[in-house]
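Architecture and fold: a report
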Amino acid sequence: MTSAAGKAKRGRSKIEGQLASTDPALGRVIDAVIARIGPQRIASSRATPFEALVRAIVYQSVSGKAAASIFARLKESVDGSLTPAKILALPPPTLRKTGLSTAKAQSIRSLAVWFTSHRKLASALPTLADDEVVEAVGAIPGIGPWTVNVFLIFNLGRLDVMPAADLGIRRGVQLTDGLNSVATPKQVLERSQAWRPFRSIASIYLWQATKLKLGPNDLNQGEEQ
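This section reports on the structure supplied with the text. (Residues numbered from 1 in each chain as written. Predicted model: local features only at pLDDT ≥ 70, side-chain atom pairs only at ≥ 80, totals over all residues. Heavy atoms only, no water.)

**Points about the overall build of the chain**
The number of helices and strands found in the chain is 15 helices and zero strands. A globule of 225 residues ought to have a C-alpha radius of gyration of about 17 Å, and the chain, at 19 Å, matches this closely. The principal-axis extents of the C-alpha atoms in the chain amount to approximately 65 × 35 × 30 Å. Taking all 225 residues of the chain together, the buried fraction comes to 46%. About 11400 Å² of surface is accessible on the chain, with carbon and sulfur atoms providing 55% of the total. (Helix = DSSP H or I, 4+ residues; strand = E, 2+ residues; numbered from the N terminus. Rg over C-alpha atoms; globule rule 2.2 N^0.38 Å. Buried < 20%, exposed > 50% of the residue type's maximum accessible area, 1.4 Å probe, protein only. Areas by Shrake-Rupley, 256 points an atom, 1.4 Å probe, with all protein chains shown as cover.)

In structure tokens, the structure reads:
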């Protein structure tokens, strides 16, 4: 085994070890990611639930670089902190000048309206079960499964969420299983049942594998003697 692969395996925590034991193919992906950027965890979020959901809307279906620029301009337009009141005070043209599409600008306004009119439920979001969060915010226009899943993982820190429709994760499963084409959301969901109760952690490793552009040869290095 190469020194890098051995170091990666030593870098596994209990969670990575359990995932790798249950699914050796995923374990190879985990080791390849650890060898390059170290163990992955859900970073604690300082953002409010409202700001986190706004950010998730901004990041829908655009590159990370473009989304970061738009989000920065949006925060500048409200002098920093994002609140429902500040968003509702902005004229729609001002929202769109940040780079938001008309649809996303409307989604963010709808989100602000929901937080304003459902204050008690909104404040309780961090304490709700995953399916209750999905039910609560999933009905807001512009808040689909991907957005809710990103919110659950990166703002609420939930450990067992699987954003099966995410292209990065689907490509990660394609790499993991050596598929000829990108995995379908159904394939990802079925595949991920073995990763409970740490599907969020598995998701992060799959995301990173795609971001790092890992290939089959990178996974095979762990098998070298």
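Okay, back to it.
**Structural notes on the nonpolar core**
With 64 residues, the main nonpolar core has L19, V54, V58, L74, I87, L111 and V137 as its most contacted residues. When residues in this core are grouped by element, the largest group, seven residues, is from helix α14 (residues 199–211). Setting aside its immediate chain neighbours within four residues, L19 contacts L26, I30, W195, F198, I201 and A202. (Core = buried A, V, L, I, M, F, W, Y, C linked by side-chain atoms within 4.5 Å. Contact = heavy atoms within 4.5 Å.)

**Overview of α14**
Taking 1.5 Å of rise per residue, 13 residues should cover 18 Å, and α14 covers 18 Å from first to last C-alpha, within 8% of that figure. Among the 13 residues of α14, eleven are classified as buried, and the element is accordingly described as predominantly covered. Considered for burial, the residues of α14 that qualify are R199, S200, I201, A202, S203, I204, Y205, L206, W207, Q208 and A209. Considering only its buried residues, α14 is in contact with α2 (14–22), α3 (24–37), α11 (145–154), α12 (167–177) and α13 (185–192). At the C-terminal side of α14, K213 shows a positive phi close to 60 degrees. (Expected span 1.5 Å × (residues − 1).)

**Section: the packing of helix α4 (residues 49–58) against helix α8 (residues 102–117)**
Two quantities define a packed helix pair, namely the angle between the helix axes and the distance between the axes. Remark: α4 packs on α8, axes separated minimally by 10 Å, with the N-to-C direction vectors making an angle of 165 degrees. Our classification of the angle between α4 and α8 gives roughly antiparallel. With respect to the hand of their crossing, α4 and α8 are arranged in right-handed fashion. From α4, P49, F50, L53, V54, I57 and V58 reach across to α8, where they touch K104, S107, I108, L111, A112 and F115. Per-class residue counts for the contact of α4 with α8 are ten nonpolar, one polar and one charged. (Axes fitted to C-alpha atoms, helices over the stretch in contact; angles between N-to-C directions. Parallel < 35°, antiparallel > 145°, perpendicular 65-115°, else oblique. Left-handed = near helix turned anticlockwise from the far one by under 90°. Nonpolar A, V, L, I, M, F, W, Y, C, P; charged D, E, K, R; others polar.)

**Things to note about the layout of surface pockets**
In this approach the atoms are scanned with a rolling probe the size of a water molecule, which exposes any empty space left behind. Taken as a whole, the largest pocket spans an internal volume of roughly 930 Å³. Surrounding the largest pocket, 24 residues form its lining, R55, Y59, W146, F154 and W207 being those nearest its centre. Contributing elements (two or more residues each) for the lining of the largest pocket: α4, α11 and α14. Considering every element that reaches the lining of the largest pocket, the biggest residue donor is α14, with five residues. The class makeup of the residues in the lining of the largest pocket is twelve nonpolar, nine polar and three charged. (1 Å grid on protein atoms, 1.4 Å probe; cavity = no way out; pocket = protein on both sides within 12 Å on 5 of 7 lines; lining within 4 Å. Points joined across faces, edges and corners; volume = space filled by probe spheres on them.)

**Thoughts on the packing of aromatic side chains**
As enumerated under the stated definition, the model contains three aromatic pairs in all. For the pair F50 and F115, a centre-to-centre distance of 5.2 Å together with 70 degrees between the ring planes defines the contact as edge-to-face. Separated by 65 residues along the polypeptide, F50 in helix α4 and F115 in helix α8 bring together distant segments of the chain. Assigned by exposure class, F50 and F115 land together as buried. With a centroid separation of 5.4 Å and an interplanar angle of 35 degrees, the aromatic rings of F154 and W207 are classed as tilted. Linking F154 in helix α11 with W207 in helix α14, this pair joins segments that are 53 residues apart in sequence. Residue classification places W207 among the buried positions, given a relative accessible area of 17%. A connected cluster of aromatic rings, assembled from ring pairs, spans F50, W114 and F115. Looking at R55, its charged tip hangs above the ring of Y59, at a distance of 4.1 Å from the centre. (Phe/Tyr/Trp six-rings, centres within 6.5 Å; stacked < 30°, edge-to-face > 60°. Lys NZ or Arg CZ within 6 Å of the ring centre and 35° of its normal.)

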